[in-house]
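# Observations on the model geometry
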Amino acid sequence: MKTIAIDFETANETRGSACSVGLAWIEDGEVVRVEERLIRPQDMRFSSFNVAIHGIRPEHVEDAPEFPEVMEEFEEDIRGATMIAHNAAFDFSVWRACLDLYRRGYPELSYVCSVKMSQKVWPHLGSHRLNVLAAHLGLKFAHHNAAEDAHVCARAAIAIGNSLGVSHIRDIPALIGMKVGRLFDGGYAPCTCRLK
């Protein structure tokens, strides 16, 4: 069963402006591979707010491939995988918006949200932002770098699984009342979780 954490950074406030993607593969409770790719948005408008967050500028992506070509590289890995994102509502809306922009179909996959999982499993944390989880787990990372964010998301999901006594991320939702999200040809179903 393939499990991959994913994180997108965007060039501006529109969801279809992905300018980088990070992925982290989980096997047997370990992160075994981390990749990052820069993406040239179709509309090369970079907002100063977004640049201040992730540091990616137009000149960094002018020679990068566009979204479909970047994601094609990972198509086989992603097909049928369980995906994880920290604040999955954001990352999966970016993914869908980019696919819609290029008139591409959605891949078949299921996904879970590590924010929702951490809220259920570690309610004592004052915040469940990725940097807070990293500190809680004793991890150092460069926040808002897509590869580093995906890596910490994956490590947090592994730690959540360990704290629940399960070895596979796919076993977590049933224990915490989470409804797994799905992308499928023609649509999607959001990941939801009862917080009480």
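Residues numbered from 1 in each chain as written. Predicted model: local features only at pLDDT ≥ 70, side-chain atom pairs only at ≥ 80, totals over all residues. Heavy atoms only, no water.

With that settled, consider the sheet that holds strand S1 (residues 3–10). Read from one edge of the open sheet, 7 strands run S3-S2-S1-S4-S5-S7-S8, paired in mixed fashion. A strand with exactly one partner marks an edge of an open sheet, and here the two such strands are strand S3 (30–38) and strand S8 (187–189). This sheet shows a mean twist of 25 degrees between the axes of neighbouring strands, independent of strand direction. For strand S7 (residues 181–184) and S8, the ladder comprises 3 bridges, and the chain directions are antiparallel. Across the sheet, the residue bridging to Arg182 is Ala189, located in S8. Relative to S1, helix H5 (residues 88–101) is tilted by about 75 degrees, and along the sheet it contacts S1, strand S2 (18–27), strand S4 (82–85), strand S5 (109–113), S7 and S8. Each of S4 and S5 touches helix H6 (residues 114–121); the most contacted strand, S5, lies at about 45 degrees to it. (Pairing = 2+ DSSP bridges. Helix = DSSP H or I, 4+ residues; strand = E, 2+ residues; numbered from the N terminus. Axes fitted to C-alpha atoms, helices over the stretch in contact; angles between N-to-C directions. Contact = heavy atoms within 4.5 Å.)

Here the focus is the pattern of salt bridges. Within the structure shown, the criterion is met by 9 salt bridges. The salt bridge involving Arg37 is made with Glu73; its shortest N-O contact spans 2.6 Å. Of this pair, Arg37 sits in strand S3 while Glu73 sits in the loop between helix H3 (67–72) and helix H4 (75–78), placing them 36 residues apart in sequence. According to the relative accessible area criterion, Arg37 is partly exposed, its value standing at 23%. What makes Glu73 partly exposed here is its relative accessible area of 44%. Note that Arg79 and Glu75 form a salt bridge whose closest N and O atoms lie 3.2 Å from each other. With relative accessibility at 39%, the residue Glu75 sits in the partly exposed group. (Salt bridge = Lys/Arg side-chain N within 4 Å of Asp/Glu carboxyl O. Buried < 20%, exposed > 50% of the residue type's maximum accessible area, 1.4 Å probe, protein only.)

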